[in-house]
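# Structure at a glance
Spelled out from the first residue to the last, the chains are:
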Amino acid sequence: MSPHSLSPLSLSKDKIRVLLLEGIHPNAVRVFADHGYAAVESLPHAPDAETLKRLIADVHIVGIRSRTRLSADVLGAAHRLFCVGCFCIGTNQVDLAAARGAAIPVFNAPYSNTRSVAEMVMGEIIMLLRRTFEKSTQAHAGVWRKTATGAHETRGKVLGIVGYGHIGSQLSVLAESLGMRVCYHDIVEKLPLGNAVACRSLGELLSAADLVTLHVPATPETRDLIGAREIAAMKPGSLLINAARGNVVRIPALVEALKSGHLAGAAIDVHPEEPASGDEEFVSPLRGLANVILTPHVGGSTLEAQANIGIEVADKLVRYSDNGSTQGAVNFPEVALPVQGRVTRFMHIHRNEPGVLSRINAVFASRGLNIAGQYLRTDGEIGYVVVDVDGELEDDANLRRNLETIDGTMRVRFLV
Ligand code: NAI
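Residues numbered from 1 in each chain as written. Predicted model: local features only at pLDDT ≥ 70, side-chain atom pairs only at ≥ 80, totals over all residues. Heavy atoms only, no water.

## A look at the overall build of the protein
Looking only at helices and strands, the protein has 13 helices and 16 strands in total. Counting only C-alpha atoms and orienting by the principal axes, one finds that the protein spans roughly 85 × 45 × 35 Å. Per-residue burial over the protein gives 48% buried out of 416 residues. Contacts spanning at least 24 positions in sequence make up 64% of the contacts within the protein whose residues lie at least 6 apart. For the protein, the computed accessible surface area is about 19,600 Å², with 52% contributed by carbon and sulfur atoms. (Helix = DSSP H or I, 4+ residues; strand = E, 2+ residues; numbered from the N terminus. Buried < 20%, exposed > 50% of the residue type's maximum accessible area, 1.4 Å probe, protein only. Contact = heavy atoms within 4.5 Å. Areas by Shrake-Rupley, 256 points an atom, 1.4 Å probe, with all protein chains shown as cover.)

Next up, the structure:
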């Protein structure tokens, strides 16, 4: 029997209303349809707050991109909502604490655009080494500079990757396939792919690399990670690429190094200050400098990434709805659950207070129900416990009430 299907204890799938906003990729609709969700509505725009409150009032699952703001006020109007999908990387547009307070996990797609970023950086490596953009700009202006000066092949050059996570390691593979030698530095021990070599320190990497490329997250430690001192430690004539976050590089120090010729060029996709929309001018002291590729934070922006995001986030929402898995939630204790067998699954979300678990177990024990599996994760504020009870239970409103009235309970769900 599929989850939600027949039991009056749980909600049947045709009653689960899904609202997708901002023209989310059709792949998402397909994932919901493939899993038996019939009530899926997809709208092309981001509604204003008042319209959104009306639209969201009876919806169980909502999918947004970056322009829809799910404030505490909007979430307060969503009486049936039980999970949110951000079909993008960032989740700043959602009041995550308010969502959590309402027992609503929020999911996103942090890795669907990994390949897109790695490919763009790979392209930039070649363009910078050949000074292609500079020559192209000159050619557009009618200037013919047919020269090999300052132009290099990638083969044999040392690429220093700072942050060997999803993007850094993917880039490592692409770069080696072009004959580059790869070294990397990460604060966490990482398995080297191919022939890549780990550097013990950032300093060691900076002094070894012909090109340094940054793939670290925005954290207090990575703020201004590359400043005047670090740039001075780079090889004369080397190149810097930043497609991570704008404040990882001190822009005045970079400008100075480019003007002095210590660095031969740079490719910068992310900026400390980025225009909020296409109507605003992009202002940067890097504008107009030779052999500097400037792009408007598009490293991850491809149609393929959008298509992947549609699948990745819809999958996470379906997994939570169908079997209670919160893996990948950004504001919730993460529980990865096995596929439900011949059991009834109870999901209990509560404030993280002493004694709740024993009271939950007492409810099952008092009925002589056999617990086949139990999964618990807590964080500072909330606890999430999933209990599998042998067999498919009859409707039992008392059981639900007993669980719901345990002190600290935020939400109870059942899957049969
Ligand atoms: P990830 O989390 O898989 O990898 C980040 C790596 O950096 C981890 O291995 C981590 O241990 C390491 N790290 C953290 N602090 C460090 C430090 N101080 N020094 C050295 N290593 C450190 O993240 P992923 O997916 O590879 O993305 C990296 C960054 O790329 C993201 O945080 C995001 O800001 C940026 N990004 C930019 C996009 C664009 O459009 N330009 C699109 C997608 C991501």
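## What to know about the sheet that holds strand 6 (residues 158-162)
The seven strands are arranged 8-7-6-9-10-11-12 in an open sheet whose pairing can be described as parallel. Looking at which strands have only one partner, the edges of the open sheet turn out to be strand 8 (197-198) and strand 12 (292-294). With five bridges joining them, strand 6 and strand 7 (residues 181-185) adopt parallel strand pairing. Across the sheet, G160 pairs through a bridge with C183, a residue of strand 7. Where helix 7 (residues 166-177) meets the sheet, its contacts fall on strand 6, strand 7 and strand 9 (211-214), and the angle it forms with strand 6 comes to roughly 170°. (Pairing = 2+ DSSP bridges. Axes fitted to C-alpha atoms, helices over the stretch in contact; angles between N-to-C directions.)

## Let's talk about the site of the ligand
Around the ligand sit 25 residues, and of these H166, I167, D186, D269 and G300 come closest. The contact in question runs from an oxygen atom of the ligand to an N or O atom on the side chain of D186, over 2.6 Å. Between K190 and the ligand, the recorded distance is 3.0 Å, taken from a side-chain N or O atom to an oxygen atom. For the ligand, the protein covers 87% of the area, taking 870 Å² as the surface of the free molecule. Across the shell around the ligand, the residue classes break down as eleven nonpolar, ten polar and four charged. (Near = heavy atom within 4 Å. Polar contact = N/O pair within 3.5 Å; in protein donor to acceptor, adjacent residues only side chain to side chain. Nonpolar A, V, L, I, M, F, W, Y, C, P; charged D, E, K, R; others polar.)

## Quick notes on the confidence of the model for the protein
Here the protein shows a mean pLDDT of 93. Residues at 70 or above account for 97%. Every residue in residues 1-9 is under pLDDT 50, and counting partners more than four places away or in other chains gives 30 contacts. (pLDDT = per-residue confidence, 0-100.)

## Points about the sheet that holds strand 13 (residues 343-351)
Spatial strand order, 14-15-13-16: four strands in an open sheet with antiparallel pairing. Sheet topology places strand 14 (371-378) and strand 16 (409-415) at the edges, where each strand pairs with a single neighbour. Pairs of neighbouring strands in the sheet enclose a mean axial angle of 10°, with direction left out of account. Of the strand pairs in this sheet, strand 14 and strand 15 (residues 382-390) are connected by seven bridges, and their pairing is antiparallel. Note that in strand 15 the partner of G373 across the bridge is D388.

## Regarding the pairing of strand 6
In terms of residue burial, strand 6 counts as a mostly covered element, since five of its five residues are buried. In strand 6, alternate side chains face the same way, and those of V158, G160 and V162 on one face and L159 and I161 on the other are all buried. Handedness of the crossover joining strand 6 and strand 7 through helix 7 is recorded here as right-handed. Bridge count between strand 6 and strand 9: four bridges; the pairing is parallel. Across the sheet, residue L159 finds its bridge partner in strand 9, namely L211. (Right-handed = clockwise from strand over helix to strand, strands pointing away.)

## Structural notes on helix 10 (residues 251-260)
Burial in helix 10 covers these residues: I251, A253, L254, V255, A257 and L258. Structurally, helix 10 contributes buried residues whose contacts are with helix 9 (228-233), strand 10 (238-242), strand 11 (263-268) and strand 12. A positive backbone phi angle near 90° is found at G261, which sits one or two residues after helix 10.

## Describing the environment of R80
Relative to the helices and strands, R80 is located in the loop between helix 3 (72-76) and strand 4 (83-86). Along the primary structure R80 and I126 are separated by 46 residues, whereas in three dimensions their C-alpha atoms are 52 Å apart. Those residues in contact with R80, other than ones at most four positions away along the chain, are A57, D58, V59 and H60. A distance of 3.3 Å separates a polar atom in the side chain of R80 from a polar atom in the side chain of D58.

## Details of helix 1 (residues 26-34)
Among all positions in helix 1, only N27, A28, V31 and F32 are buried. Taken down its axis, helix 1 places every buried residue within 140° of arc, on the same side. The secondary structure elements touched by the buried residues of helix 1 are strand 1 (18-20), strand 2 (40-42), strand 3 (61-64) and helix 11 (303-323). A positive backbone phi angle near 90° is found at G36, which sits one or two residues after helix 1. (Arc of directions from axis to C-beta.)

## Brief notes about the packing of aromatic side chains
For the structure shown, the criterion picks out seven aromatic pairs. Ring centres of F346 and F364 lie 4.9 Å apart, and the angle between their planes is 65°; on these two criteria the pair is classed as edge-to-face. Residue F346 is found in strand 13, and its partner F364 is found in helix 12 (residues 356-366); the two are separated by 18 residues along the sequence. With a centroid separation of 4.8 Å and an interplanar angle of 70°, the aromatic rings of F346 and F414 are classed as edge-to-face. Of this pair, F346 sits in strand 13 while F414 sits in strand 16, and the two are 68 residues apart along the sequence. Across the pair, F414 and F346 agree in class, each one buried. An aromatic cluster of at least three residues, connected via ring pairs, comprises F82, F107 and Y320. Across from the ring centre of F82, 4.6 Å away, lies the NZ or CZ of R413, which sits over that ring. Taking NZ or CZ as reference, R413 lies 4.9 Å from the ring centre of Y320, over its face. (Phe/Tyr/Trp six-rings, centres within 6.5 Å; stacked < 30°, edge-to-face > 60°. Lys NZ or Arg CZ within 6 Å of the ring centre and 35° of its normal.)

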